[in-house]
Each structure stands twice: as structure tokens, then as C-alpha cells.
Amino acid sequence: MSGRGAPTSPPIPVLLYHAVTDHPPAWIAEFTVAPQDFAAQLDAVVASGRTPVPISVLVRHLVDRRPLPPRPVVLTFDDGFADLPGPTAEALAARHLPATAYLTTGAITPGRVSLLPPAPMMRLTQAPRLESYGIEVGAHTVTHPQLDTLPARELHRELRQSKAELEDVLGHEVAHLAYPHGYNSPAVRRASADAGYASAVAVRHALSSSRDESYRIARLILRRRHTVRDVERWMDGRPAEGERARVAPFGDALPTVGWRVYRRARARLRGPRFAG
């Protein structure tokens, strides 16, 4: 993992998308973007002059200090919604924008179950198609649990099984992970490394940097209310309107630690649940 401390290079925006659709299910609606808005946001990324790279390029810099291209930006997509291997991938490819998609294998495999509520999803067998569009594939667990509330055995199963399932369909190593809901802890980060992942992204609602931690890379989550102007501000290394200007790395705030303790206690009483 990279060291802590104040960033010594400009902020790096790592954007987090979910579904791109005009008709999202209610449970994910806040975190979806309409196709027209998505196209305008991608155009803003291109116009910013930033260099889009997959997460692996940023990770090689964090871990091995390999040089980054000028003014990098990373586009990521979580879960594996149905639009991803179709119009969303096509919109990215039309602008020559690489990206990274983190797939929840239980939610995209027919006959399997996950904690995600019902929604139109891609299929696991479509994962190679993502790569044909220049989209790097990472894991997002099997069932989308709150990893920092799981017993060690279940935690290891979620991390290792999703990795193995993706590697089986892709035919090569899957080295990158996204924590469901962004939830993690020191134990979860250690388990992720032990499972063979080279990196993991969280959420953190902050800009990343060249000194970010490779097992909790900060991302900026796109909400339906975000405008093209907000994306332009992120490309400038500034916060969206009305949001904080935080740049990783930074430690967990006391409310974050307290919320983790509460969620763990709730999970012991009620079992795994979706955190939406």
C-alpha cells in the first residue's frame, strides 16, 4: 500500500458510475445518469484535456511509481447493469475512453442471487465483450455485501469466488476490486491483498492523488443531480458545487468508524443486507 501524507501532485479524479438509463429502478435512481447527460459528461472529460486511463495504470503508479500520463482521469462502473456492454460501452469507445468495470458475479449470472434489488443487468458471459471495447474488468464480490460486517470465512469467500468466476470467463487474471458500497476496514483491506488483488477502490467522495492508498482508492460518485459543470470542476481538481474539496489519502473520520460499528452490530442481529 502507498504511504500516507499530504498529496504532492495535483488531484486525480476517479469517477464512479452505476447505470446509464432514463428508466432506473427506484432503488438505484439517485445514482443513475440519463444517456443524454452521460454523453455530455464524457464530452466534458474529453474537452478537459485529461488523459483517461484504466485503474491498473493508476495502481502501477501508486505501487511502483511508474509514470502517469499528463493529468489522468479514471472512469469506473460498478455492479454490471444492462446498459454497460451496449450503449454505455459504445459511448466510451466512440470517444476513445478506456474505463474499468467492477462486476457483481451473483447479480449477473442467471439462476444466482445477490443482495442487489432487481434491476436489468448484463450477463457474466458478456464480460469479454467489455474488454473488446477497451473496458478493464474488475471484481465487485459475489453477492454485494457490506464486507466490513462479514465473518472472516464469508469475507474470504466473497473476495476469492468472484475473482475466480471472472477469471474463468475472461481467461486471465482479475487483479482489481471495488468494495460494495465502498465499505472497508483494515481487515478487509488485508484480506483483499491476501486474495490476490493488486488494488481496491472505495468511494470516499473525494479526489484521488498520486499518494492515495492502493487498497482504498478514493472515488467521486455520480448522482443524477450532478451536472456537466460539476464534472468540469472535478476535471479541474475542484469539488462539485456545494461539496467538499477533499483529496486522498486521509484517515477515517470518527462518524465513519461509528457507522461501521453500528452496521456490524446490526449484521450480527439481522444478517447480511443491502445498504441502500
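I will try to describe carefully the structure that is included in this document. All values derive from a computational prediction rather than experimental measurement.

Quick notes on the overall build of the chain
On a plain count of helices and strands, the chain comes out with eight helices and eight strands. For the chain, the C-alpha radius of gyration of 17 Å lies close to 19 Å, the compact-globule estimate for 276 residues. For the C-alpha atoms alone, the extent of the chain along its principal axes is close to 50 × 40 × 35 Å. Restricting to contacts in the chain with at least 6 residues of sequence separation, those with at least 24 account for 68%. Total accessible area computed for the chain in this model is approximately 11800 Å², and 55% of it derives from carbon and sulfur atoms. Side chains of the chain give 35 positive and 27 negative charges; the mean places of these two sets differ by 7 Å.

Quick notes on the layout of surface pockets
Approximately 1100 Å³ is the volume found for the largest pocket. In this structure, the largest pocket is lined by 46 residues; those nearest its centre are His 181, Tyr 183, Val 203, Arg 204 and His 205. Here the residues of the lining of the largest pocket are counted per class, giving 20 nonpolar, 11 polar and 15 charged.

Overview of the packing of helix α1 (residues 35-47) against helix α7 (residues 228-235)
Relative orientation of the contacting elements α1 and α7 amounts to 25°, with a least axis distance of 9 Å. As the angle between them shows, α1 and α7 are arranged roughly parallel. The handedness of the crossing between α1 and α7 comes out as right-handed. Between α1 and α7, the residues in contact are Ala 40, Gln 41, Ala 44 and Val 45 and Val 228, Val 231, Glu 232 and Met 235, respectively. Classifying every residue of the contact of α1 with α7 gives six nonpolar, one polar and one charged.

Some words on the packing of aromatic side chains
Summed over all chains, the structure comprises five aromatic pairs. Ring geometry for Tyr 17 and Phe 77: centres 5.3 Å apart, planes at 15°, overall stacked. Of this pair, Tyr 17 sits in strand β1 (residues 14-17) while Phe 77 sits in strand β3 (residues 72-79); the two residues are 60 residues apart in sequence, bridging distant segments of the chain. You can call Tyr 17 buried: its relative accessible area is 1%.

Points about helix α6 (residues 186-194)
All buried positions along α6 are accounted for by Val 188, Arg 189, Ala 191 and Ser 192. All buried residues of α6 fall inside an arc of 160° around its axis, so they share one side. Those residues of α6 that are buried are in contact with α5 (152-170) and β6 (176-178). Of the residues one or two after α6, Gly 196 is the one with positive phi, at around 100°.

Some points on the environment of Phe 77
Its relative accessible area of 1% is what places Phe 77 among the buried residues. Along the primary structure Phe 77 and Ala 101 are separated by 24 residues, whereas in three dimensions their C-alpha atoms are 4.6 Å apart. If we skip the residues at most four places from it in the chain, Phe 77 touches Tyr 17, His 18, Phe 38, Leu 84, Thr 88, Leu 92, Ala 99, Thr 100, Ala 101 and Tyr 102.

So, the pattern of salt bridges
Applying the stated criterion across every chain yields a total of 17 salt bridges. Where Glu 165 meets Arg 112, a salt bridge forms, and the shortest distance between an N and an O atom there is 3.1 Å. Residue Glu 165 is found in helix α5, and its partner Arg 112 is found in the loop between β4 (99-103) and α4 (127-132); the two are separated by 53 residues along the sequence. Residue classification places Glu 165 among the buried residues on the basis of a relative accessible area of 17%. Classification of Arg 112 by relative accessible area gives partly exposed; the value is 32%. With a shortest N-O distance of 2.6 Å, Arg 263 and Asp 148 are connected by a salt bridge.

So, the side chain of Asp 148
Within the element layout of this structure, Asp 148 appears in the loop between β5 (135-139) and α5. Assessed through its relative accessible area of 4%, Asp 148 is described here as buried. Reaching out from Asp 148, the side chain makes a polar contact with the side chain of Arg 260 at a distance of 3.4 Å. What Asp 148 contacts, discounting residues up to four positions off in sequence, is Tyr 183, Asn 184, Ser 185, Val 188, Arg 260, Arg 263 and Arg 264.

About the criteria used
In this numbering scheme, every chain counts its residues from 1 along its sequence in written order. In view of the model being predicted, local features appear only for residues whose pLDDT reaches at least 70, and side-chain atom pairs are presented and counted only at 80 or more, with totals across whole chains, interfaces and linings using the full set of residues. With hydrogens and water excluded, all non-hydrogen atoms of the structure serve as input to the side-chain values. Think of it this way: any DSSP run of H or I at least four residues long counts as a helix, any run of E at least two long counts as a strand, and we number them from the N terminus. We compute the radius of gyration over the C-alpha atoms and compare it with the globule rule, which gives 2.2 Å times the number of residues raised to the power 0.38. Any two residues whose heavy atoms approach within 4.5 Å at even a single point are treated as in contact. Surface exposure here means Shrake-Rupley accessible area, sampled with a 1.4 Å probe, where a residue is shielded only by the protein chains that are shown. For the charge count, each Lys or Arg is scored as positive and each Asp or Glu as negative, with His and the chain ends excluded. In plain terms, the charge of a residue is placed at NZ if it is Lys, CZ if Arg, CG if Asp and CD if Glu. Grid points spaced at 1 Å and placed over the protein atoms alone form the basis of the search, with a cavity being a set where a 1.4 Å probe fits but cannot get out and a pocket an open set showing protein on both sides within 12 Å along at least five of seven lines. Lining residues have an atom within 4 Å of a point. Grid points are joined across faces, edges and corners, and a volume is the space filled by probe spheres set on the points. Put simply, Ala, Val, Leu, Ile, Met, Phe, Trp, Tyr, Cys and Pro go in the nonpolar bin, Asp, Glu, Lys and Arg in the charged bin, and everything else, Gly too, in the polar bin. Only the contacting stretch of a helix is used when fitting its axis, a line to C-alpha atoms as for every element, and angles between N-to-C directions run 0 to 180 degrees. By definition in this entry, angles of less than 35 degrees are roughly parallel, angles greater than 145 are roughly antiparallel, angles of 65 to 115 are roughly perpendicular, and the rest are oblique. Each helix crossing is assigned a hand: it is left-handed if the near helix lies turned anticlockwise from the far helix by less than a right angle, otherwise right-handed if that turn is clockwise. Working definition: a ring pair exists when centres of Phe, Tyr or Trp rings (six-membered ring for Trp) sit within 6.5 Å. Plane angles under 30 degrees give stacked, over 60 give edge-to-face, the rest tilted. Think of it in three bands: with a 1.4 Å probe and only protein chains considered, a residue is buried below 20% of the maximum accessible area for its type, exposed above 50%, and partly exposed in between. Relevant arc is that of directions from the helix axis to the C-beta atoms, nothing else. Definition used for salt bridges: Asp or Glu carboxyl oxygen within 4 Å of a side-chain nitrogen of Lys or Arg. Whenever two N or O atoms come within 3.5 Å, that pair is a polar contact, provided that in protein one can donate a hydrogen and the other can accept it, and provided that, for residues adjacent in sequence, both atoms are side-chain atoms.

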